[in-house]
Amino acid sequence: MKRRAIDVSHLPTHAFGHRSIMWWGGAGLMAIEGTMFVLLIVAYIYLKGRSPEWPPGHFAPVLFWGTVNTAVMLASLVPNHFTKAAADRLDLQGTRLWLSVSLLFAYAFVVIRIFEFGSLNVWWDSNAYGSIVWTLLGFHTAHLLTDVIDSTVFAVLLFTGPLKKSHFVDVSENSYYWYFVVLFWLPVYGVIYLAPRLA
Amino acid sequence: MPTIIQSALHPAGPQAAQLATLWWVMFWTCTVVYVVVLGFLIMALRRGRSRDLERPAARQLTRWVAAAAGVTLVILVGLLTVSVTTGRAIASLSAPDALTIQVTGNQWWWSVEYSHPEPSLRFTTANELHLPVGRPVRILLKSSDVIHSFWVPNLHGKIDLIPGRQNQVWLQVDRPGVYRGQCAEYCGLQHAHMAFSVVAEPSDDFERWATAQRQPAPEPSNALEQKGREVVESGPCAMCHTVRGTLAGGRFGPELTHFASRSTIAAGTAPNTPGYLAGWIADPQRMKPGARMPATGLSADELQAVLAYLSTLK
Amino acid sequence: MTADHEVDARLTPEALAAESRHLAKCWGEERGILAWFSTVDHKRLGLRFIVTAFVWFAFAGVLAALMRLQLARPNNDVLGPDLYNQVFTTHGTAMMFLFAVPVVLGFGVYFVPLMVGARTIAFGRLLAFSYWLFLFAGIFLYGMFLLNIGPDRGWFSYVPLAGPEYGVGHRPDVWAQLVTFTETSALGVAICLITTIFKLRAPGMSLNRMPLFVWTELVTSFMIVFAMPSVFMASATLVLDRLVGTQFYNHAEGGDALLWQHLFWFFAHPEVYVIFLPATGIISTVLPTFARRPVFGYLAIVLAVISTGFIGFGVWVHHMFATGLPQFSISFFTTASLMIVVPTGVQVFCWIATLWSGRVSFPAAMLFVLGWFQVFIIGGLTGVMLASVPLDLQLHDTFFVVAHLHYVLIGGTLFPLLGGIYYWFPKMTGRLLDERLGKTSFWILIAGFNMTFFPQHILGVMGMTRRMYTYPPELDWGPLNMLSSAGAVLIALSLALFLFNVVTSLRRGAAAGDNPWGASTLEWATTSPPADYNFLPWPTVSGRDPLWERFPEQPVVAGLSHEKREVLVTHVMDAEPDHRKEFPGPSLWPFLAAVAVSGLFIGSILTPWAVVVGSLPTTIALIAWFWPRSGKPPDELSREIEESDKAGKEAA
């Protein structure tokens, strides 16, 4: 049997970015959740189009907490960037440091989110406007919470072990997910806080 | 009961007629396509079984497949054209100052309100529409609870009645007769028993009917009927039903002022005869379980009286 | 690499035998209860998906039989309105969510890794989690039905009928959570399949050499990713309306009943293509095998499948033609609904061309696949009729639609599925199904199916609407209904014969061997059933029909570890080897997480606090799932990192 053998024993045992299968899992999750955000925004626009007065009673959400939180979230992208860079070069100390810094921002934006709910000026059961606004904010909050929990678990693992190289890939993927959660917030912020103020 | 032909292929008006034509055009086109495609399939299978026939070149097969795709596209565009043309035609029916009827869907009956610019000429009935032959009529459609659908196959396609929206359809009947319609959107327990009649009659007959409908209920002519009216006014009936000219003014159930002029009861569930009516009033849940009308708890005497009174409401 | 005349030391018969023992130990699973709950093996899980789906199918079939019994005569009293409404709702919901989608995904789960030459599927624990959710979903739905809390608002659960005001009780919540269960499960499987198809293909299997069945599973998985979120939004907002008083569907407070229909149908129309496309993939697999030639028009079929996937997202309003939406926007949807016929037509023409230029034989598998042509094409053509807005206004919500949907679903999916079972049963079990029984059951099925559903077209045109628990005698619908119900008996008989065939062939079927049909795709290049590690030696390919293209001379892959579960990850486009990844072994956490999540879903029917309370065990289970088993301490890690860095740089 003159069969050739292609030897793969020298290939590395991990890879970053879209070469890794974790990236595809993460991309799939982002596609699913991104679609949900888009649908919620479309539902908002649909309900707005059917209403003579939007918001009913003309009470738009207060801008302050939402804008502060947007700033905090955007700021968190800085340590997030460095976390990813450290993970990509398998730098254990660097990853530990920057993930911990990112976590501080994360706990902050979760707490501020509570104030955001309080400043919406409507309850979820008052009318359809209240329902869609609470649902949009609530759905994004679920993402913030997932981000916080995920990142906390990784941070703990980075300090306690047992660690494998693939965990650095996981941390790198988590950073991508963090970008997704913050960047998708921007259109949601626009819809919740700015759209009611348009003529 | 005699056979009713509630069929889209027995048109009694211009719109249903156009739709029936569209049906036949599409039906025959699809049948021919089906026969041709299956024909090619069978030929291919037979070729495939024989070993001597030459295998056609890939290029030839490609041409055939591309041609078939092209023919498919052409047929679809043709059908699209026929469909759009028909759609425009049936939606183009209208007339100034047309008769307007507001139909409201309820679980599980139809409220029918004849509009008029002059308020005193408006009247309400239930589960039965009368239409003058040969004129476009405007039907407005809304719902008081869940989604229903208004469908008289002999006349037109169906239009939904959606809470929070007002839909509209123009109808025209050309052939006098009685046509059956029914709710065509699942609306709960007794969706199967939410039918209605459409009585198409010449204009004069229609006007006579409308004038009669505008009158309040006639006075009872004997003691039994008088007792019946009292039971209706003071008993459970008045909580839901209206009989104009009496104290019964309930708005939850069908209007009964000219109940005896209608041919069915319980939205087409049974014929309007004393036997069925007695059974219905005594225990509506037997004939139509889940119907919103509760058992009335009338004694036998009261029931007799009510039946007598109702029979006067022509 | 070895010189031409030498045999690589790893490929001698002795080396391969030793390797197979190591691999069996590494990839094998223990026996016993705990192992049964911990498996991450795609073949075991794929088979479970298929078998479980058919069990739910059988129950839903019994519900159908009850409906046909009730409708056989006018004013019948076998089922009263309340039970009938639960029966038709549970039948439709179960068939769509618990049978049709899981079974086509199940075939993908079993066969896609084999067909692309992978050792296993990506994210095996996610797959296991998805299976358990699916199993619990069926137990939940049928359990609620038996407790008289079965959903009864139709499988599309329109509001306000299913809303808080008119859908009193918990039945619509049961429906909504059934949807949540099954769509989470399907999304999980979709991610596994997409990742496997893109990243785990055998070297040489570039995208344009992938089997067509794999293409259909890929497109289906993408459709699931983009469509399921819509039904999730729909069911979540429905539960919110019912549970905490939101006003999404209450027009009095700015909500809209049609919002539901848009959200639901935006999902449900692609859903039917999710169900349909893998079945066309089965046809593209079985038909060329028994025409003894590669499928004609591979590229055209791939483009047809992809374009169907796209256009499928643009037609949903054709379910809403009677709602009074503006004419001009509606015409767009008529056009799209007609145009989607073209790619399917292209597939049909390519298959006919394949047969035309092949040498055809007719085992049972082929008969079922050919049955698709007779049945589905009628369904497709009645679909063309329904795509026309004016005509649809007559036909919508009548038995004409019931006939149409059964022609496209049973013809379009069940027939190829049964053909796929006759085709792949030998690979999965090592035994052949009985051919004579198979062919007999085929003829009974095709006769019974047409007898049941063809008359329903006529009934629809004659004015018989859907979802009626009974009808009066004077409409003359009795005779055709009786004919339809009689046909249902034949369908039941055929499926009983099929079940009998499966059960007896498992014990006494003829031995199948590796490749009884002489087929061309990679799943036939291994034993029947495949070993836990799928292949040895690990194949590469250089064409679309590997086993028909000098397979014994194809190079094979060597050098993967047999001490741990190592899988080769390749590049997306051309499947060049990229890196080796260690895959996790069996774990109980997917099962436990599924139990926690199920508790959350079911609890939230009763109280919104279940979401908060249920999140805790769910989070714990998910963290435990992820948490690595104790292994090397951190400082050994740095050495490893250095070494792998070096190896990576050398390879680059």
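Cut-offs applied
- Residues numbered from 1 in each chain as written.
- Chains lettered and ligands numbered in written order.
- Predicted model: local features only at pLDDT ≥ 70, side-chain atom pairs only at ≥ 80, totals over all residues.
- Heavy atoms only, no water.
- Axes fitted to C-alpha atoms, helices over the stretch in contact; angles between N-to-C directions.
- Helix = DSSP H or I, 4+ residues; strand = E, 2+ residues; numbered from the N terminus.
- Parallel < 35°, antiparallel > 145°, perpendicular 65-115°, else oblique.
- Left-handed = near helix turned anticlockwise from the far one by under 90°.
- Salt bridge = Lys/Arg side-chain N within 4 Å of Asp/Glu carboxyl O.
- Buried < 20%, exposed > 50% of the residue type's maximum accessible area, 1.4 Å probe, protein only.
- Disulfide = S-S within 2.5 Å.
- pLDDT = per-residue confidence, 0-100.
- Contact = heavy atoms within 4.5 Å.
- Buried area = accessible area lost by both parts, 1.4 Å probe.
- Patch = residues over 30% accessible without salt bridge, like charges linked within 9 Å, V, L, I, M, F, W, Y side chains within 5 Å.
- Areas by Shrake-Rupley, 256 points an atom, 1.4 Å probe, with all protein chains shown as cover.
- Pairing = 2+ DSSP bridges.
- Phe/Tyr/Trp six-rings, centres within 6.5 Å; stacked < 30°, edge-to-face > 60°.

1. A few points about the packing of helix α15 (residues 435–461) of chain C against helix α16 (residues 478–508) of chain C
Residue and element names in this part refer to chain C.
For step 1, the next point in the chain: The geometry of α15 relative to α16 is characterised by a closest axis approach of 8 Å and an angle of 155 degrees between their N-to-C directions. The orientation of α15 relative to α16 falls into the category roughly antiparallel. Here α15 runs over α16; the crossing is left-handed.

2. Observations regarding the pattern of salt bridges
Pairing of side chains with opposite charge becomes possible as their charged atoms draw close.
For step 1, the next point in the chain: Per the counting criterion, the structure on display carries 20 salt bridges over all chains.
For step 2, the next point in the chain: In this structure, the salt-bridge partner of Arg244(B) is Glu255(B), at a minimum N-O distance of 3.3 Å. Linking Arg244(B) in the loop between α5 (237–240) and β11 (264–265) with Glu255(B) in the loop between α5 and β11, this pair joins segments that are 11 residues apart in sequence.
For step 3, the next point in the chain: Judged by relative accessible area, which is 23%, Arg244(B) ranks as partly exposed.
For step 4, the next point in the chain: When the shortest N-O distance is used, the salt bridge between Asp173(C) and Arg242(C) registers 2.8 Å. Placement of Asp173(C) in helix α6 (residues 171–199) and of Arg242(C) in helix α7 (residues 212–244) is noted, with a sequence separation of 69 residues between them.

3. Notes on the state of the cysteines
Disulfides are covalent bonds that connect the sulfur atoms of two cysteines.
Residues and elements named next belong to chain B.
For step 1, the next point in the chain: Inspection of every chain in the model, using the stated rule, returns zero disulfides over all chains.
For step 2, the next point in the chain: In this structure Cys 240 is a free cysteine whose sulfur lies 9.0 Å from that of Cys 237, the closest cysteine sulfur available.
For step 3, the next point in the chain: Overall, the relative accessible area of 26% leaves Cys 240 in the partly exposed class.

4. Considering the confidence of the model for chain B
A low pLDDT score tells you not to read the predicted coordinates there in detail.
For step 1, the next point in the chain: Averaged over chain B, the pLDDT score is 94; the fraction of residues at 70 or greater is 99%.
For step 2, the next point in the chain: If you check the scores for this complex, the pTM reads 0.95 and the ipTM reads 0.96.

5. Some words on the interface of chain B and chain C
For step 1, the next point in the chain: Across the contact, 76 residues belong to chain B and 78 residues belong to chain C.
For step 2, the next point in the chain: Summing both sides of the interface, chain B and chain C together bury roughly 6,600 Å²; the carbon and sulfur share of this comes to 70%.
For step 3, the next point in the chain: It is Trp23(B), Tyr34(B) and Tyr186(B) that lose the most area in chain B upon contact with chain C, and together they represent 11% of the buried surface on that side.
For step 4, the next point in the chain: At the junction of chain B with chain C, the criterion picks out one salt bridge.
For step 5, the next point in the chain: Two residues, Asp256(C) and Arg165(B), come together in a salt bridge whose shortest N-O distance is 2.7 Å.

6. Things to note about a nonpolar patch on the surface
Residues and elements named next belong to chain B.
For step 1, the next point in the chain: On the surface, a nonpolar cluster with roughly 480 Å² of combined accessible area is contributed by Val 32, Val 36, Phe 40, Met 43 and Trp 64.
For step 2, the next point in the chain: Here the element with the most residues in the nonpolar patch is helix α1 (residues 14–49); it accounts for four residues.
For step 3, the next point in the chain: Note that Val 36 resides in helix α1.
For step 4, the next point in the chain: When its relative accessible area of 41% is taken as the criterion, Val 36 is described as partly exposed.

7. Quick word on the environment of Arg507(C)
For step 1, the next point in the chain: Tracing the chain through its elements places Arg507(C) in helix α16.
For step 2, the next point in the chain: It is 10.0 Å that separates the C-alpha atoms of Arg507(C) and Thr429(C), two residues lying 78 residues apart in sequence.

8. Description of the sheet that holds strand β2 (residues 109–114) of chain B
Note: strands within a sheet are paired through backbone hydrogen bonds, in either parallel or antiparallel orientation.
All names here are of chain B.
For step 1, the next point in the chain: Pairing in this open sheet of five strands is mixed, and the strands run β3-β2-β1-β5-β8 from one edge to the other. Of all the strands in the sheet, the pair left with one neighbour each is β3 (123–126) and β8 (167–171). Ignoring strand direction, the axes of neighbouring strands in this sheet form an average angle of 25 degrees.
For step 2, the next point in the chain: Judged from the six bridges that link them, strand β1 (residues 100–106) and strand β5 (residues 137–143) form a sheet pairing that is parallel. Across the sheet, Val 103 pairs through a bridge with Leu 141, a residue of β5.
For step 3, the next point in the chain: The strands touched by helix α3 (residues 203–214) within the sheet are β2 and β3, with β3 carrying the most contacts at an inclination of about 100 degrees.

9. Notes on the packing of aromatic side chains
For step 1, the next point in the chain: Summed over the entire model, instances satisfying the criterion amount to 105 aromatic pairs over all chains.
For step 2, the next point in the chain: Centroid distance Trp23(B) to Phe400(C): 5.8 Å. Interplanar angle 75 degrees. Geometry classified as edge-to-face. Within this pair, whereas Trp23(B) is found in helix α1, its partner Phe400(C) is found in helix α14 (residues 399–429), the two belonging to separate chains. An identical accessibility class is assigned to Trp23(B) and Phe400(C); each is buried.
For step 3, the next point in the chain: Ring centres of Trp175(C) and Phe264(C) lie 6.2 Å apart, and the angle between their planes is 40 degrees; on these two criteria the pair is classed as tilted. You can see Trp175(C) sitting in helix α6 and its partner Phe264(C) sitting in helix α8 (residues 257–291), a full 89 residues away along the chain.
For step 4, the next point in the chain: Given a relative accessible area of 1%, Trp175(C) falls into the buried group.
For step 5, the next point in the chain: On the basis of relative accessibility, which here comes to 0%, the residue Phe264(C) falls in the buried class.

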